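Structural characterization, general
Chain residues, written in single-letter form:
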Amino acid sequence: MKLFRQIYRALRPLVVHGIFVAGFAMPAPATAEVPPPPIDLVWSPSGKQAVFAAVPDASPEPDCPTELYELDLKAVTLLRLIQAQPDASDPESDLSCFYDPKYSADGLQIYFITPAWATSGAIQAYDRTTRKVAFITDGGPYLVIGSGPYKGMLLVVRRKYPDKLDDGAYEEIDLVDPLSGKVVSGSPNMEKILRATHGLDEVKKTIRALAAWQAW
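How each quantity is defined
Residues numbered from 1 in each chain as written. Predicted model: local features only at pLDDT ≥ 70, side-chain atom pairs only at ≥ 80, totals over all residues. Heavy atoms only, no water. Disulfide = S-S within 2.5 Å. Helix = DSSP H or I, 4+ residues; strand = E, 2+ residues; numbered from the N terminus. Phe/Tyr/Trp six-rings, centres within 6.5 Å; stacked < 30°, edge-to-face > 60°. Buried < 20%, exposed > 50% of the residue type's maximum accessible area, 1.4 Å probe, protein only. pLDDT = per-residue confidence, 0-100. Pairing = 2+ DSSP bridges. Polar contact = N/O pair within 3.5 Å; in protein donor to acceptor, adjacent residues only side chain to side chain.

What follows deals with the state of the cysteines. Scanning the model with the defined rule gives one disulfide in all. At a sulfur-sulfur separation of 1.7 Å, the disulfide partner of Cys-64 is Cys-97. Measuring handedness by torsion sign, the sulfur bridge of Cys-64 and Cys-97 sits at about -95° and is left-handed. Residue Cys-64 is located in the loop between strand 4 (49–54) and strand 5 (67–72), and its partner Cys-97 is located in the loop between strand 6 (77–83) and strand 7 (99–103); the two are separated by 33 residues in the primary sequence.

It is worth spelling out the packing of aromatic side chains at this point. Going through the model one piece at a time under the given rule, you end up with three aromatic pairs. Measuring from ring centre to ring centre gives 5.3 Å for Phe-98 and Phe-112, while their planes differ by 80°; the resulting arrangement is edge-to-face. Of the two residues, Phe-98 sits in the loop between strand 6 and strand 7 while Phe-112 sits in strand 8 (residues 109–114), which places them 14 residues apart along the sequence. Under the relative-accessibility criterion, Phe-98 is labelled buried at 0%. Among the residues examined, Phe-112 registers a relative accessible area of 0% and is labelled buried.

For Ala-134, the position within the fold is in strand 10 (residues 133–138). On the accessibility criterion, Ala-134 (41% relative accessible area) is partly exposed. For the pair Ala-134 and Pro-178, spaced 44 residues apart in sequence, the C-alpha to C-alpha distance is 9.9 Å.

Turning our eyes to something else, we now look at the confidence of the model for the protein chain. Note that predicted coordinates carrying low pLDDT should not be read in detail. Chain-level pLDDT for the protein chain is 75 on average; 68% of the residues reach the 70-or-more range. Across the protein chain, strand 8 holds the top mean pLDDT of 96, while strand 2 (residues 24–31) sits lowest at 35.

Next up on the list: the pairing of strand 13 (residues 170–176). With respect to burial, strand 13 is a largely interior element, five of its seven residues being buried. Where strand 12 (residues 154–160) and strand 13 come together, seven bridges link them in antiparallel fashion. Residue Lys-160 lies in a different strand from strand 13, and its bridge partner there is Tyr-170. Strand direction decides the pairing type here: strand 13 and strand 14 (residues 183–185), joined by two bridges, are antiparallel. Looking at strand 14, one finds that Val-176 is bridged to Val-183. If you look at the hairpin formed by strand 13 and strand 14, you'll find six residues sitting between the two strands, and Gly-181 has a positive phi there, around 80°.

Moving on, we come to the side chain of Asp-174. Relative to the helices and strands, Asp-174 resides in strand 13. Of the polar contacts made by the side chain of Asp-174, one reaches the side chain of Arg-158; its length is 2.7 Å.

Right, dumping it as structure tokens:
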């Protein structure tokens, strides 16, 4: 983190902006505008880039990061990937705030959570090649599996509703394919998959910390 702060300060005058239009972020000329302090900084699998969310200084909502940046150490650039694009009519397309960014296992995608529904967020994917943003699934928090036979898949905490509404809503952990958005496996089969691939106890500990998970 200390190294990032040094690089960040050195690159503050070299911000490259992006304009998000119809699913694309189009790079614009570099300016001297200073980006806000980073939130949720995460390094790419290669260690050559870092992504972070940010709240503009003039924003009236300090808890709503409305910009997503990527620092590229090789190119020595700081690129603003996305600016907020609210869409109250479609929760899946509502890009009003950006939370918990993470790189895909291959580093080609950047995932993040948007507010979406009142009871659940939406997990989105920003393609670093095409600069398109695509909805993956409802839910959050989430983890990216970085190794093993399920490498690249997402572990997502998702809210479920029983057939009988009187039973109340509940949450479960699903294994989601980010390319299709489909659930590969959900609870209770997740325990068997996690035990076989990544060590169940360690994954339990991580997800409990993320989602305040109380019981399995």
